[in-house]
Amino acid sequence: MKALIQQNPSDIVSQVADYFQRSIGKWYSERRYYTLPEGDTQEVASEITVEFLQQGSPELINIAQLHQLDDPTMITCGSKVNWKSSNSVSGKKLSKGATVFGVSETLLYRDQGFMTPKPVVAQYYMLDANTLCLRSEYNGSVFEEELKLVGQRYRTRQTIISRAGEQTMIGQYLEKRIE
């Protein structure tokens, strides 16, 4: 994975910290998951709260310990995301929880993955000041994500999941800031 614009690690860390700070707040997320190749869809709505984490915060120290990093201050900033999700059609509650992200140079450490409760590491880059791109691999799958801030009130996300070179799922999200 390569950024379109070459960046040195300190610049990209500064950009992602700015991105995380601009993402602070409460969001309402509407998303649709497409299972491929069948095309089955699932619609999900979530309430999301995003917090910014400073270097040395207990959550980031915990991430460093989960990933067995020698120096917990390697993680320079991060974000904590809390969510409550339900099926958009039936209203049935699906899940709730929290996840923590921590940044060290061009790696993003997570306390859990999208489809695993285990800690995962993603490569990341900033396509531009408003667009964060992530790539991680675990359990035989590749996860490519793009999160884009659109003005002050909106964010789009897209996740593409592949296994053995074949795309198996696409998730598309529209998130509206509610606070």
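Look up a bit, the structure's there.
The structure displayed is predicted, hence computed values, not measured ones.

This part covers a positive patch on the surface. Taken together, Lys26, Lys84, Lys93 and Lys96 make up a surface patch of like positive charges. For lysine 93, the location among the structural elements is in strand 4 (residues 93–104).

The strand order around the closed barrel built from ten strands is 1-2-3-4-5-6-7-8-9-10, with neighbouring strands paired in antiparallel fashion. Ignoring which end each strand starts from, the neighbouring axes of this sheet average 25° apart. Summarising the sheet, strand 6 (residues 120–128) and strand 7 (residues 131–138) pair through six bridges and their orientation is antiparallel. Paired with glutamine 123 across the strands is arginine 135, a residue of strand 7.

With that settled, consider the pattern of salt bridges. Across all of its chains, the model carries eight salt bridges by this definition. Here glutamate 137 makes a salt bridge to arginine 135, at a shortest N to O gap of 2.5 Å. Classification of glutamate 137 by relative accessible area gives exposed; the value is 52%. With its nearest N and O atoms 2.9 Å apart, the salt bridge here joins arginine 157 to glutamate 175. Separated by 18 residues along the polypeptide, arginine 157 in strand 9 (residues 154–163) and glutamate 175 in strand 10 (residues 166–177) bring together distant segments of the chain. One continuous salt-bridge network, built from bridges that share partners, spans Arg155, Arg157 and Glu175.

Moving on, we come to the state of the cysteines. Going through the model one piece at a time under the given rule, you end up with zero disulfides. Note on cysteine 77: no disulfide assigned, nearest cysteine sulfur contributed by cysteine 133 at a separation of 16 Å. Among the residues examined, cysteine 77 registers a relative accessible area of 3% and is labelled buried. Residue class for cysteine 133 comes out buried when judged on its relative accessible area of 6%.

In this model, the largest pocket occupies a volume close to 740 Å³. Looking at the largest pocket, it is lined by 33 residues, and the ones nearest its centre are Arg31, Trp83, Arg110, Phe114 and Arg157. When its residues are assigned to classes, the lining of the largest pocket shows 18 nonpolar, ten polar and five charged.

Basis of the calculations
Residues numbered from 1 in each chain as written. Predicted model: local features only at pLDDT ≥ 70, side-chain atom pairs only at ≥ 80, totals over all residues. Heavy atoms only, no water. Patch = residues over 30% accessible without salt bridge, like charges linked within 9 Å, V, L, I, M, F, W, Y side chains within 5 Å. Areas by Shrake-Rupley, 256 points an atom, 1.4 Å probe, with all protein chains shown as cover. Salt bridge = Lys/Arg side-chain N within 4 Å of Asp/Glu carboxyl O. Lys, Arg positive; Asp, Glu negative; His and termini not counted. Charge placed at Lys NZ, Arg CZ, Asp CG, Glu CD. Helix = DSSP H or I, 4+ residues; strand = E, 2+ residues; numbered from the N terminus. Pairing = 2+ DSSP bridges. Axes fitted to C-alpha atoms, helices over the stretch in contact; angles between N-to-C directions. Buried < 20%, exposed > 50% of the residue type's maximum accessible area, 1.4 Å probe, protein only. Disulfide = S-S within 2.5 Å. 1 Å grid on protein atoms, 1.4 Å probe; cavity = no way out; pocket = protein on both sides within 12 Å on 5 of 7 lines; lining within 4 Å. Points joined across faces, edges and corners; volume = space filled by probe spheres on them. Nonpolar A, V, L, I, M, F, W, Y, C, P; charged D, E, K, R; others polar.

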